[in-house]
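Descriptive analysis of the structure
Each chain, letter by letter, is given below.
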Amino acid sequence: MSNVSVCVRFRPLNARELKHGAEASCVRRFDDQSFVFKEDKEGEFTFCFDRIYYQDSTQAEVFEFLALPIIKDAMNAINGTILTYGQTGAGKTHSMEGPSILTTDQQQKGILPRVIEYIFTSIEAADTTSEFIIKLSMVEIYMERIRDLFDPSKDNLQVKEDKAHGIFVSGATEIYVQNVQETLKHIAEGIANRAVGETQMNSTSSRSHCVFLVTIHQTNTEDGSVKTGKLYLVDLAGSEKVEKTGAEGKILHEAKTINKSLSALGNVINALTTDKPCHIPYRDSKLTRILQESLGGNSRTALLCCCSPSSFNASESLSTLRFGTRAKQIRNKPKVNKERGQHELEQLIVKYEQECEQLRRQLLMLNARLHSLEKGEMNKMSTDYPDSCIKTYNKDGLLGKLKESLSKRTPVLEEIINLLRDLLVEEGIILESCNTEFRKDLLVSSEAEINKTILILQKSLEQLSENNETLTRENESLKVELRAARYLELNPLRFTENPPSNSSGSASFTICEKAKIIRPIRGGSQYTQVIDSAKSHRENAGNVASLSFLQLTLANIKSRFLFLMGKV
C-alpha cells in the first residue's frame, strides 16, 4: 500500500494581481512541509504536505522530490502518475513543461523534459543484458471527448479495459522513440495541437486535460523475463470562476465542461477517502476513467497543487489546498508488472508437478482403502468389546444401502445417519447385553460425532478438490508459457540499421551492447502473437483434469465413511 504524495507550489505574483493591489500574501511560511493560509471570510488554516515550494523554488527542486521517485519506479516496472492541479493561471503547465518543451535553459525545464532525459540516461547506464522499447502516446480530453494529439483526426476515442492492458485509450497513436531529441520533437508537435484559449486570467489558458503516456518495455536477454512500466503525466485544465475569467460564448461552454470533469475527479477522491465502503464513480467522466488505476489502483501517484499566494485568489487557492488534503489520504496498491522468464517457469513446473504427484499418491491410498473395505475385511474393534460382537460386513444388506446412498449426487445426511445406526446395531457394535438407556446414550453420542465428522470430511474434500484443480490449471498454463519462451529462444534477435515496421507501422528498439544506444530489433507483432496465445491458453487451462478428479471425489467420500465405521 502507498499513499498519494502531495506537494504544493506557490507561484510569484503576476501582473493582474499587482494591478488589483493584491500584493498582500495570504501564506505565512513555517517550513518546507507546513504553512498557515489566511482567507478573509473563513479565517486561518494550517496545512501540512509532503513538500511546500514557495515563490523562490526552482524547477529542479520540484522534479527531484516529486517526480524522480516515480520515474525510478517506472524504470523498475511499477506504474506511476504525476498530476498538476489548480485554478487557471496557477502555473500548472509551466511546472509540467516549462516555458517551452524544447527549451535549452536547464533552470527553466519542466517536469516532462526532465523525465524524458532521465529515462534515456538510465537506459544508457543499464546492464547490457537488458533490451528497452520506449513508446509514447498523447491525448487530450476536450469537451468530454478524447482526442489523439498525434493524429487530430481521431477526435472521439474510447476508454477500454482488459486483463492484458488494464485501462487504456483504444486507438490512440503509439510512437516508438529512440532518443531525447526525437521524443521532445514529437511531444512539441502534440502540444501544438492542444486546445488553448485566452481569458482575463491567462492569455494561453489550456482548455483541455492533457495526458502524456510513456511506456517502458524491458526484456532480460538472459532469462527472458519481461517487465513493463507505464508513466502517466497529466496536465489538468484549471478550474475557473466566470466572474474573474470573463469567459463567454465558446470559452464559457469550455469552462463549464472543465469544472464538471474536475468536480467528478473530486467526487472520486471523496469516495476513496470516506470511512464507509461505497461506489467509486470512475465512469462519471473520461478523466476519472483514464486515471482509475492512478487513484486507488496499481500505481504510485504524485500530485502537485499549484496555487497563487495573493489574497485576490485566496478562495480558489483554499479550494485547491483542501483538494490536496483529501487526495493525500488515497492509498494505492502498486506492484511490479513482470512476466516470468523461461528458467523461472521451468522451476515452477517442477514444483507443481511434485505437488500434483503427492496428491495422486494420496488418492491412490484412499482408493486402496476403499477396495479393501468392499472385499469384506474385518474392522479393527476396540478390546472393550467381545469377539462375538465382531462380524463381517454384508455387501447386499445395510452396507449396500449405505453405499447406494453415498453414491447419490446430493446425499441426504439424515438417511446416511439412520443407515449407519442400523448397521452398528446389526454388526453387534452396540452390545445386546447393554441396557436400553445406555444404548440410547451411545446412539446420541455416535450421531453427534458422525455429524461432526461428516462436516469435517466435506470441508476436507472441497479443499482437496480446489487444490488439485488449481495446481493442475497452473501446471498447464506454465507449460504453455514455457513453450512460448522456447519459441522465442529459437528465434534469435536480429540487429539492423533501419527499424523494421510492425503491423501499425512502428518499430521496436533495443540497446546495442557496445554502442549503448537504442537500435531497432525484431518487429514486435510475432512476439506479441505468441505471448497473447500463451495467455489465452492460460485462461482455459485446467479443464482437462476436472472430470477425472470428480470421479475420484465420490470414492474418497465412501472411504472416509467406511473408515469411520471401523473406528466406532
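Everything discussed here concerns the structure shown above.
To keep things clear, this report deals only with the structure shown in the data block.

Conventions we followed
Residues numbered from 1 in each chain as written. Predicted model: local features only at pLDDT ≥ 70, side-chain atom pairs only at ≥ 80, totals over all residues. Heavy atoms only, no water. Helix = DSSP H or I, 4+ residues; strand = E, 2+ residues; numbered from the N terminus. Buried < 20%, exposed > 50% of the residue type's maximum accessible area, 1.4 Å probe, protein only. Contact = heavy atoms within 4.5 Å. Areas by Shrake-Rupley, 256 points an atom, 1.4 Å probe, with all protein chains shown as cover. Polar contact = N/O pair within 3.5 Å; in protein donor to acceptor, adjacent residues only side chain to side chain. Core = buried A, V, L, I, M, F, W, Y, C linked by side-chain atoms within 4.5 Å. Phe/Tyr/Trp six-rings, centres within 6.5 Å; stacked < 30°, edge-to-face > 60°. Lys NZ or Arg CZ within 6 Å of the ring centre and 35° of its normal. Expected span 1.5 Å × (residues − 1).

Concerning the overall build of the chain
In terms of regular secondary structure, the chain is built from 15 helices and 21 strands. Within the chain, the proportion of its 568 residues that are buried is 48%. The contacts of the chain with a sequence gap of at least 6 include a subset with a gap of at least 24, amounting to 69%. Working note: accessible area of the chain is about 29100 Å², and carbon and sulfur atoms make up 50% of it.

Things to note about the side chain of Ser95
Of note, Ser95 is situated in helix H3 (residues 92–97). Taking the relative accessible area as the measure of exposure, Ser95 reaches 2% and is therefore buried. A polar atom in the side chain of Ser95 sits 3.0 Å from the side chain of Arg9. The contacts of Ser95, once residues within four sequence positions are left out, are Arg9, Gln59, Gly110, Ile111, Leu304 and Cys306.

Structural notes on the nonpolar core
Counting residues in hydrophobic clusters, the biggest one holds 46 residues, and the most contacted among them are Phe35, Phe37 and Leu303. Among all residues touching Leu303, those that are not within four sequence positions of it are Val4, Ser5, Val6, Cys7, Leu66, Leu83, Tyr85, Phe323, Gly324 and Ala327. Of all hydrophobic cores here, the second largest spans 43 residues; its members include Ile116, Phe120, Ile123 and Val180.

Some words on unusual backbone geometry
Residues apart from glycine generally show negative phi values, whereas peptide bonds are mostly found in trans. One non-glycine residue with positive phi stands out, namely Ala77, at about 70°. With respect to the element layout, Ala77 can be found in the loop between helix H2 (59–75) and strand E7 (80–86). Notably, Glu144 is not glycine yet its phi reads approximately 60°, a positive angle. Summarising the element assignment, Glu144 is placed in the loop between strand E8 (130–142) and strand E9 (145–148).

Here we look at the packing of aromatic side chains
What the rule picks out here adds up to seven aromatic pairs. Look at Phe45 and Phe47: their rings are 6.4 Å apart centre to centre, the planes differ by 40°, and that puts the pair in the tilted class. Residue classification places Phe45 among the partly exposed residues on the basis of a relative accessible area of 23%. Residue Phe47 is classed as buried on the basis of its relative accessible area of 8%. An aromatic cluster is present here, built from Phe10, Phe35, Phe45, Phe47, Phe49 and Tyr54 joined pairwise through their rings. In this arrangement the basic side chain of Arg322 is found over the ring face of Phe45, its NZ or CZ atom lying 5.1 Å from the centre.

Structural notes on helix H4 (residues 111–124)
The end-to-end C-alpha distance of H4, which contains 14 residues, comes to 20 Å, matching closely the 20 Å that a straight helix rising 1.5 Å per residue would cover. Here H4 has its buried residues at Ile111, Leu112, Pro113, Arg114, Val115, Ile116, Ile119, Phe120, Ser122 and Ile123.

Considerations on the side chain of Ser225
Examined against the element boundaries, Ser225 turns out to sit in the loop between strand E15 (209–220) and strand E16 (226–235). Of note is the side chain of Ser225, whose polar atom sits 2.8 Å from the side chain of Asp223. Ser225 has contacts with Gln218, Thr219, Asn220, Lys338, Glu339, Arg340 and Gly341, leaving out every residue within four places of it along the chain.

So yeah, pure geometry; function would need other evidence.
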